[in-house]
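Listed below, chain by chain, are the residues.
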Amino acid sequence: MSNTESLTPSDKWRFLSFALLFILSGMGGLMYQVVWARNLQLSFGVSIFAIASVLAAYFLGMALGALLAGRFSSSIKRPLFAYGVVEIGIGLSALLVTPYVGRLDEALSWFGTATEDRFWLMQGARFFLTLCLLIVPTTLLGATVPLMNHGLIRHSRHLGKRVATLYAMNTFGAVLGVLLSGFFLIERIGLNHTLQLAAALSIGVGLVALYLGRTADALQPSLVAVQAPLPMSGQTRELLLVMGVSGALGLSLEVLWTRILIQGISSTAYVFAVVLALFLMGITLGSALIRVYAHRIHNVRYALALSQALAAIFTLAGVPLLVWVMPRVLGQLFSLVGHDLGQHYFIVWALWSSGALLPATIALGASFPLAARLIAEETGIVGKGIGQIYAINTYGGVLGSLLTGFLLLPLLGIYWTLTLLAVLYAALALLLVRREQREVLLRYTLAPLMAAFIVWAVLPKDLVYNRMTANVQGRILENFEDYYGSVVVNEEIGETRYKRLSVNGVSYSGTTPYAMHYMRLQGHLPTLLTPADNRKALVICLGVGLTAGAISTHPDTKLTVVELSKAIVGLSPLFSDVNENVHLRPDIRLVNDDGRNYLLRHPEIRYDVVTLEPPPPPHAGMAHLYSVDFYRLVKSRLSADGVAVQWIPLHTQSNENSRMLIASFVKIFPNASLWWTESGEALVLGFASPDATVKLGQIQARMAVHNVARSLREIGINSSAQIASHFLLDSEGLKRYVVGASPMTDDLPRIEYQTPDINTGYKALLQEVIALRPSPQSIASSLGLDTDEIPALEQAQDELQTRWMAHQLF
C-alpha cells in the first residue's frame with residue numbers, strides 16, 4: 001500500500017471498533033484509580049499523600065507498561081489480540097490486589113517498632129507497599145496504549161489525526177469513568193461493587209478484543225510498510241526531556257489543585273473526582289483540537305512550544321480565575337436564570353473549578369499528540385516511538401506527583417509551588433524553539449511568556465492566605481501550610497475571649513465555652529465510667545488538647561495521644577491555659593500518625609479508654625473514622641472493662657446522617673448511651689462488655705480528686721447529679737432512635753458524598769431525643785445515684801436545657 005493510498009472500509013471499521021473499545025478501556029482504568037485513591041486514604045491518613053501516591057504508583061506502572069509494550073510491539077505479530085489478553089489481565093489483577101490497598105499498616109506491623117515514631121519513613125514504606133500492590137495492574141494498563149497504536153497505526157502519516165483520535169477517545173472514556181465512579185457509583189453501590197464493575201468492563205473489553213483481533217490482525221497484517229528506525233538525534237533527546245518535565249508538571253498541577261480546592265469543596269472524594277475529571281476533559285479537548293487542526297500545523301516543534309507557553313500562563317491564572325473571575329461570572333449567569341448560588345453548592349464549585357483548570361489542561365492535552373507526531377517523524381518508527389514518549393511523560397508524572405505532595409507543598413506552600421511550575425513550563429517553551437530563528441521566538445513564545453510574567457506580577461502573594469482566612473474573625477495568631485493542610489489559629493472576642501483552630505477553612509476545635517464543655521466532658525466521662533483501675537487511655541486527634549488534658553487530670557492513667565498533624569501538636573503552647581500542658585508532660589506519649597493505622601499496627605495493646613474526636617465527618621478524608629469497620633477495630637483494642645466515646649457534631653450534617661453515624665457506632669457497641677453537651681455536640685459512649693454497669697461510688701471517688709474536680713468545675717460541673725444530667729438515651733432508647741438508619745461502612749462512605757452544610761434544624765433533632773429520654777428515676781438507677789439525688793438531677797437537667805435553648809450556635 002502506498003503512502004497516498006486511502007484506507008479500505010474494513011480498515012476504517014477496524015479502527016472504529018477498537019477506538020470504541022479504547023473508550024471503555026479508559027473508563028475502567030480511571031474507575032480503578034478513583035477506588036484506589038479512596039482506599040489509600042485509609043492507609044496514609046493525609047489526603048494529599050494518598051492522592052500523590054496513587055498518581056505516582058499509577059503512572060509509574062503505566063510508564064513501565066508503555067515502555068515494555070513499546071519496545072516489543074514491533075515484534076508482536078498480532079498486537080490487537082495481545083491487547084485483548086492485557087485487558088483481561090488488568091481486570092483479574094485489579095480484583096486480586098485492591099482489597100489490600102487500604103490495609104498497608106497490617107504489613108508494617110510485621111516490622112515492629114522499625115517505623116514507629118518515624119513519620120516520613122512510615123510514609124515512604126506505605127508508598128513502597130502501594131507500588132508493590134499496584135505495579136501489575138498499572139503496568140498492564142500502560143501496555144494498552146502502544147499495543148493499540150501499533151495495531152491500528154503503522155506509518156507516521158497517520159499519526160497527526162489517528163494518535164490524537166485514539167488519545168482523545170481513551171481520555172474521553174477516562175472522564176466518563178471518573179464521573180461515574182466519583183459522583184455516582186461509589187456513593188450508591190460502594191467501593192467493592194464499583195471495582196467489580198470496572199473489572200468486568202476490562203474483562204469484557206478484552207474478550208471482545210480477542211474476538212476482533214483473532215481475525216483483524218490476520219486480515220490486514222500492516223497498513224503500510226514500517227520504516228527503518230533512524231538514530232536518535234539531539235533534538236529527539238531534547239524532546240524526550242521536554243515531555244518528561246511536562247509530565248512532571250502536569251501531575252504536579254493535579255496534586256496542587258486538589259489541595260487548593262479542598263479549601264472550598266472540603267470533601268476529598270468530590271475534590272479528587274473534580275480535579276481528575278477536569279484534567280482529563282482538558283486533555284481530551286486539547287487532543288481533539290490537534291486532530292481537527294493537524295493538517296494546518298506545518299512546524300510541530302513550534303506548536304509544542306506554544307502549548308508549553310500557554311500552560312505557563314494558565315498555571316498562574318488559575319487561582320485568580322477561581323477567586324476573582326468565576327464567582328462573578330457564575331453569579332451573573334445564575335441570577336439570569338433565577339437561581340441562587342448558595343442553593344447549588346457543589347455544582348457551583350465544579351463550575352468555578354472548570355474555569356480555573358480547563359485552560360491549562362487543554363494546553364497539556366495538545367502536547368502528547370504533537371510530541372508523538374514529532375518523535376515519529378524524527379525516528380521513523382511508531383510503536384516504539386510512542387512507547388518512549390508515553391513512558392518518559394508518565395515517568396515525569398510519577399516524579400512530579402511525589403515531589404509536589406511530599407515536598408513542594410509542605411515546604412513552599414501553594415503560591416511558590418504555582419510560581420515554580422509556571423517558570424518550568426516557560427523554560428520548556430524556550431528550549432523547544434531554535435535560538436537562531438528569532439522571528440519564531442517572537443511569534444510562538446515571547447508574547448505568551450510576557451503574558452505569563454504579567455499574570456505573576458499582578459498575582460497577590462497573599463491570595464491563598466486570603467482564601468484561608470476569608471471567614472476568620474478577630475486576630476490571627478498563627479497561619480501556615482504543611483502536608484496536612486492550611487492551618488490558622490485566631491483569637492476572637494465575644495462575651496469572652498477565645499481561640500479557634502481551623503484547617504483548610506474548616507473550624508476543627510477551639511476554646512469557646514461550649515467547645516470546652518463538650519471536649520472536657522469527652523475526656524472525663526469515659527474515664528469516670530470505666531470500672532478499670534490503672535487505666536490505659538488513647539486519644540485519637542489532639543485538636544487544642546482539651547480532651548487529652550481532661551484525661552490527664554485523672555491519676556493512675558497512662559495516656560497516649562495520636563495526632564496526624566505534627567504542626568497541630570506544635571500549636572499546643574497557644575492553648576496551654578486550657579490543655580494542662582499535655583505537650584510538655586513526660587508521662588504523656590504524643591504520636592505523630594493516623595489514629596486508625598496506629599491501632600492496626602498495635603494489636604497487642606489494650607486500652608481502657610479510647611476517645612474519638614476527628615474533624616466533622618463530611619470533610620476531607622474523615623468518613624473512615626466514623627465507620628462500622630473503624631469501630632470494630634476500636635472495640636478489638638479495648639480491655640474487657642474498656643469504654644469508647646465518639647463525638648457526633650449534630651450541626652454539621654443532616655439529622656438523617658446523624659442517625660446514620662450513631663447507628664454505625666451502636667452496631668458495634670450495643671451497650672451504648674447517648675450524652676449531650678448543651679450545644680450542637682453529642683457524645684455516644686459504648687462499653688466493650690455487654691454487661692458493664694456503672695458504680696456511683698467509683699464516680700464520686702474519682703470526681704473528688706483535686707485536679708479532676710477543678711477541671712470539671714471550670715465547665716460548671718460540681719456533682720455526680722450534674723454529670724448525670726447530660727445523659728440522653730440508654731441502649732434501648734438508642735435502638736429505637738436509629739431504627740431505619742443504615743450504618744456507614746468503609747465500602748459505602750455515604751457521609752463523604754454529602755455537601756458539608758450547617759444543620760440549623762439540629763435543635764429539633766435534640767428535642768426528639770429528649771422526648772425519648774428515660775425518666776430521672778430510671779437515669780438515677782442506671783448510673784447508681786441515690787433516690788435523694790433525683791431532685792438535684794431534675795434541677796440540673798432543667799438548667800442544662802435552659803442553657804441549650806438560649807444558646808445561639810449560628
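Procedures and definitions
Residues numbered from 1 in each chain as written. Predicted model: local features only at pLDDT ≥ 70, side-chain atom pairs only at ≥ 80, totals over all residues. Heavy atoms only, no water. Helix = DSSP H or I, 4+ residues; strand = E, 2+ residues; numbered from the N terminus. Buried < 20%, exposed > 50% of the residue type's maximum accessible area, 1.4 Å probe, protein only. Contact = heavy atoms within 4.5 Å. Areas by Shrake-Rupley, 256 points an atom, 1.4 Å probe, with all protein chains shown as cover. Pairing = 2+ DSSP bridges. 1 Å grid on protein atoms, 1.4 Å probe; cavity = no way out; pocket = protein on both sides within 12 Å on 5 of 7 lines; lining within 4 Å. Points joined across faces, edges and corners; volume = space filled by probe spheres on them. Nonpolar A, V, L, I, M, F, W, Y, C, P; charged D, E, K, R; others polar. pLDDT = per-residue confidence, 0-100. Polar contact = N/O pair within 3.5 Å; in protein donor to acceptor, adjacent residues only side chain to side chain. Axes fitted to C-alpha atoms, helices over the stretch in contact; angles between N-to-C directions. Parallel < 35°, antiparallel > 145°, perpendicular 65-115°, else oblique. Core = buried A, V, L, I, M, F, W, Y, C linked by side-chain atoms within 4.5 Å. Left-handed = near helix turned anticlockwise from the far one by under 90°. Salt bridge = Lys/Arg side-chain N within 4 Å of Asp/Glu carboxyl O.

Draft legend 1. A look at the overall build of the protein chain. Within the protein chain one finds 26 helices and twelve strands. Looking at the protein chain as a whole, 64% of its 810 residues are labelled buried. Long-range contacts, defined as pairs at least 24 residues apart, comprise 80% of the intrachain contacts of the protein chain with a sequence gap of at least 6. Roughly 30000 Å² of accessible area belongs to the protein chain as shown, and the carbon and sulfur atoms make up 61% of that amount.

Draft legend 2. Expanded view of the pairing of strand β10 (residues 672–676). The element β10 is largely enclosed, with a buried count of five among its five residues. Here β10 shows no split at all, with Ala 672, Leu 674 and Trp 676 on one side and Ser 673 and Trp 675 on the other all buried. Across five bridges, β10 lies against strand β11 (residues 681–687) in antiparallel orientation. Pairing of Ser 673 across the sheet is with Leu 685, part of β11. Count of turn residues in the β10/β11 antiparallel hairpin: four residues, of which Glu 678 carries a positive phi of about 75 degrees.

Draft legend 3. Up close: empty space enclosed by the protein. Scanning the model with the defined rule gives ten cavities of 30 Å³ or more in all. A volume near 250 Å³ is recorded for the second largest cavity. If you list the elements that add at least two residues to the lining of the second largest cavity, you get β4 (506–510) and β6 (557–563). When grouped by side-chain class, the residues that make up the lining of the second largest cavity number 15 nonpolar, six polar and four charged.

Draft legend 4. Main features of the confidence of the model for the protein chain. Overall, the predicted model of the protein chain reaches an average pLDDT of 83, with 86% of residues at or above 70. For the protein chain, the element scoring lowest by mean pLDDT is helix α13 (residues 463–468), at 62; helix α15 (residues 546–552) scores highest, at 97. Counting contacts from residues 1–5, a segment whose pLDDT is below 50, to residues more than four positions away or on other chains yields eight contacts. Note on residues 218–230: pLDDT is under 50 here. Beyond four places in sequence and across chains, it has 30 contacts.

Draft legend 5. Quick look at the side chain of Glu 492. One can find Glu 492 in strand β2 (residues 486–493). Side chain to side chain, Glu 492 and Arg 500 meet in a polar contact 3.3 Å long. Those residues within four positions of Glu 492 in sequence are excluded, and the remaining contacts are Gln 473, Arg 497, Tyr 498 and Arg 500.

Draft legend 6. Representation of the pairing of strand β1 (residues 475–481). Pairing geometry for β1 and β2, over six bridges, is antiparallel. By the bridge assignment for β2, Phe 480 is matched with Val 487. Once β1 ends, the chain turns through four residues before running back antiparallel as β2, passing Gly 485 with a positive phi of about 155 degrees.

Draft legend 7. Broad picture of the packing of helix α19 (residues 655–668) against helix α24 (residues 762–772). Following both chains from N to C, one finds α19 and α24 inclined at 50 degrees, their axes separated by 10 Å at the closest point. In this view, α19 runs oblique relative to α24, as classed from their interaxial angle. Between α19, through Asn 655, Ser 658 and Arg 659, and α24, the contact on the second element is made entirely by Tyr 762, Leu 765 and Glu 768. For the contact of α19 with α24, the per-class residue count stands at two nonpolar, two polar and two charged.

Draft legend 8. Fine view of the sheet that holds β2. Taken together, four strands build an open sheet; the order of strands is β1-β2-β3-β4 and the sheet is antiparallel. Two strands in the sheet have a free side with no partner beyond their single neighbour: β1 and β4. Averaged over all neighbouring strand pairs, the angle between strand axes comes to 20 degrees, with direction disregarded. Bridging between strand β3 (residues 497–503) and β4 involves four bridges; their strand directions are antiparallel. What sits directly across from Arg 500, in β4, is Gly 510.

Draft legend 9. Quick look at the environment of Leu 210. Along the polypeptide, Leu 210 turns up in helix α6 (residues 159–219). Leu 210 has contacts with Phe 81, Gly 84, Val 85 and Ile 88, leaving out every residue within four places of it along the chain.

Draft legend 10. Structural detail: the sheet that holds strand β8 (residues 607–612). Ordered in space as β7-β6-β5-β8-β9-β11-β10-β12, the eight strands form an open sheet in which the pairing is mixed. Of all strands in the sheet, those bounded by a partner on one side alone are β7 (588–592) and β12 (727–729). Sheet twist, expressed as the mean angle between neighbouring strand axes with direction ignored, is 20 degrees. Both strand β5 (residues 535–540) and β8 contribute to a ladder of four bridges, which runs parallel. The partner of Ala 537 across the bridge, within β8, is Val 609. Against the sheet, helix α18 (residues 628–636) engages β5, β8 and β9 (638–649), with an angle of about 145 degrees to β9. Strands β9, β10 and β11 of the sheet are contacted by α19, whose axis makes an angle of about 175 degrees with β9.

Draft legend 11. Looking closely at the nonpolar core. Residues Tyr 32, Trp 257, Leu 674, Trp 675 and Ile 723 are the most contacted members of the largest nonpolar core, which totals 241 residues. Not counting residues within four places of it along the chain, the set of residues in contact with Trp 257 comprises Val 275, Gly 318, Val 319, Leu 322, Ala 356 and Leu 357. Core analysis: the second largest hydrophobic core is formed by eleven residues, Ala 548, Ile 551, Val 582 and Ile 588 among them.

Draft legend 12. How the structure looks around the layout of surface pockets. In this model, the second largest pocket occupies a volume close to 400 Å³. Taken together, 17 residues form the lining of the second largest pocket, with Leu 42, Pro 99, Arg 103, Arg 596 and Asp 746 sitting closest to its centre. Broken down by secondary-structure element, the contributors of at least two residues to the lining of the second largest pocket are α1 (9–44), α6, α17 (595–601) and α18.

Draft legend 13. Region of interest: unusual backbone geometry. One non-glycine residue, Asn 534, adopts positive backbone phi at about 45 degrees. Following the sequence through the fold, Asn 534 ends up in the loop between α14 (513–529) and β5. On the basis of relative accessible area, Asn 534 is assigned to the exposed category, the value being 58%. Even without being a glycine, Cys 541 presents a positive backbone phi close to 90 degrees. On the accessibility criterion, Cys 541 (16% relative accessible area) is buried.

Draft legend 14. A look at the packing of α18 against α19. Where α18 meets α19, the axes come as close as 9 Å, and the angle between the chain directions of the two elements is 35 degrees. The crossing of α18 and α19 is right-handed. Listed contacts from α19 to Val 628, Tyr 631, Arg 632 and Lys 635 of α18 are Ser 664, Phe 665, Lys 667 and Ile 668. Of the residues belonging to the contact of α18 with α19, the class tally is four nonpolar, one polar and three charged.

Draft legend 15. Molecular detail of the side chain of His 602. Mapped onto the secondary structure, His 602 falls in the loop between α17 and β8. The class for His 602 is buried, based on a relative accessible area of 11%. His 602 has contacts with Glu 116 and Arg 637, leaving out every residue within four places of it along the chain.

Draft legend 16. The arrangement of the pattern of salt bridges in detail. In the structure shown here, the tally under the stated rule is 19 salt bridges. Residue Asp 593 pairs with Arg 126 through a salt bridge whose shortest N-O separation is 3.1 Å. In this pair, Asp 593 is assigned in the loop between β7 and α17 and Arg 126 in helix α5 (residues 119–152), connecting sequence segments 467 residues apart. Each member of the pair Asp 593 and Arg 126 is classed as buried. Glu 768 is paired through a salt bridge with Arg 659; the nearest N and O atoms lie 2.6 Å apart. Taken together, the residues Glu 768 in helix α24 and Arg 659 in helix α19 connect sequence positions 109 residues apart. Note on Glu 768: relative accessible area 35%, which makes it partly exposed. Each of Asp 105, Arg 126, Asp 593 and Arg 601 takes part in a single network of salt bridges with overlapping partners.

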